[in-house]
Structures are given as C-alpha cells and as structure tokens.
Amino acid sequence: MARHPAAPGTPATAALDAAGIAFVGHVYQHDPRSTNFGEEAAEKLGVNPDRVFKTLVAEVAGSLVVGVVPVTAMLDLRALAVALGGGKATLADPRHAERRSGYVVGGISPIGQKTPLRTVVDETAILFETVLVSGGRRGFDIELSPDDLCAATGAAFAPISTRRR
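Procedures and definitions
Residues numbered from 1 in each chain as written. Predicted model: local features only at pLDDT ≥ 70, side-chain atom pairs only at ≥ 80, totals over all residues. Heavy atoms only, no water. Buried < 20%, exposed > 50% of the residue type's maximum accessible area, 1.4 Å probe, protein only. Helix = DSSP H or I, 4+ residues; strand = E, 2+ residues; numbered from the N terminus. Pairing = 2+ DSSP bridges. Axes fitted to C-alpha atoms, helices over the stretch in contact; angles between N-to-C directions.

Quick notes on the pairing of strand β7 (residues 131-137)
Within β7, 6 of the 7 residues are buried, leaving the element largely enclosed by the surrounding structure. Bridge count for β7 against strand β8 (residues 140-144) is 5 bridges, and the pairing is antiparallel. Counterpart to Arg 137 in the pairing with β8 is Phe 140. If you look at the hairpin formed by β7 and β8, you'll find 2 residues sitting between the two strands, and Gly 139 has a positive phi there, around 90°.

Focus on the sheet that holds β8
One open sheet accounts for 3 strands, arranged β1-β8-β7; its pairing is antiparallel. The strands lining the two open edges of the sheet, one partner per strand, are β1 (24-27) and β7. Going across the sheet, the axis of each strand differs from the next one's by a mean of 35°, ignoring polarity. Sheet analysis places β1 next to β8, joined by 4 bridges and oriented antiparallel. Bridge pairing in β8 links Gly 25 to Ile 142.

In structure tokens, the structure reads:
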C-alpha cells in the first residue's frame with residue numbers, strides 16, 4: 001500500500017509519512033449539507049460502511065480521549081471509560097475537540113492530532129485487512145491496516161461500540 005498521489009498533505013499524512021506507515025488516501029467531493037461524515041465517505045467511496053471508522057472525542061476522568069468506531073455503530077461511552085480505566089465518559093464539546101485535535105468536526109483524524117489524545121479503536125477493526133479513517137479534512141479518508149492505525153496513534157483495541165438499532 002502506498003500513498004495515493006491525490007492525497008492532500010495534512011498532519012495525519014505527515015505523521016504517517018514520518019512513521020513510515022503505508023496508507024492510501026481517498027479523496028471525495030464532500031457535500032456541505034451532510035452531517036453523517038463517515039456514512040457519506042462510505043457511500044461516495046463505494047466502501048463497506050463497516051470498514052469506515054469515525055473518530056469521536058470524549059472526556060474520561062477530566063481528560064479528552066478518542067474512540068474510533070465503525071460508522072455503522074455508536075460509541076459505547078461506558079465501555080470507552082472502562083477501556084481507559086475511568087468511571088464515566090461523556091462526549092466532548094465539539095469546539096474543545098477541534099482546539100485540542102487541530103482538526104474540524106467531520107474531519108477529525110485519530111492520527112496527527114495537535115495534542116495527541118489517548119485512543120481506543122473498536123475491536124471490530126481487526127476483522128478487516130484495512131479500515132478507513134478521516135485523513136484530517138472533510139472529503140479525505142486514509143486507508144490503512146488496523147495494526148498500523150494503532151501504531152500511529154498509540155491506541156489499543158477494545159470492544160467500545162454498540163450496533164445502531
């Protein structure tokens with residue numbers, strides 16, 4: 001796997017390049033009316049939505065953390081807190097998440113954050129050879145192996161998602 005020539009330069013791609021981690025960049029035309037960013041990416045890229053993961057910033061024990069879950073699922077906040085050794089988790093204020101990550105909502109990547117946050121990747125990622133996560137801007141996803149995603153973010157795998165009803 002190599003970097004796609006059309007991949008824009010973002011802190012995420014720079015971090016992967018610096019770490020020598022192979023990835024493929026996928027650019028698509030983002031619809032500014034869309035608010036389901038991961039589902040939009042899956043549809044426009046023609047990818048199984050179970051392979052597209054969203055990055056959610058939460059707060060556990062007074063610290064911001066990241067949960068990376070499939071777009072077809074919801075983040076289980078209790079499971080995220082347990083995975084990180086905390087008692088309770090809440091979703092972070094979007095403005096706070098943007099300031100700390102250096103990315104805008106809908107383009108928050110788990111990779112190359114301004115302030116690296118403790119990260120947990122849902123264990124379903126290991127079911128796939130590669131997964132897609134935001135590349136650091138709306139309309140750009142990065143495809144890489146689940147193990148490389150964890151290596152790039154210092155993440156661990158844990159069961160942190162629940163299927164949507």
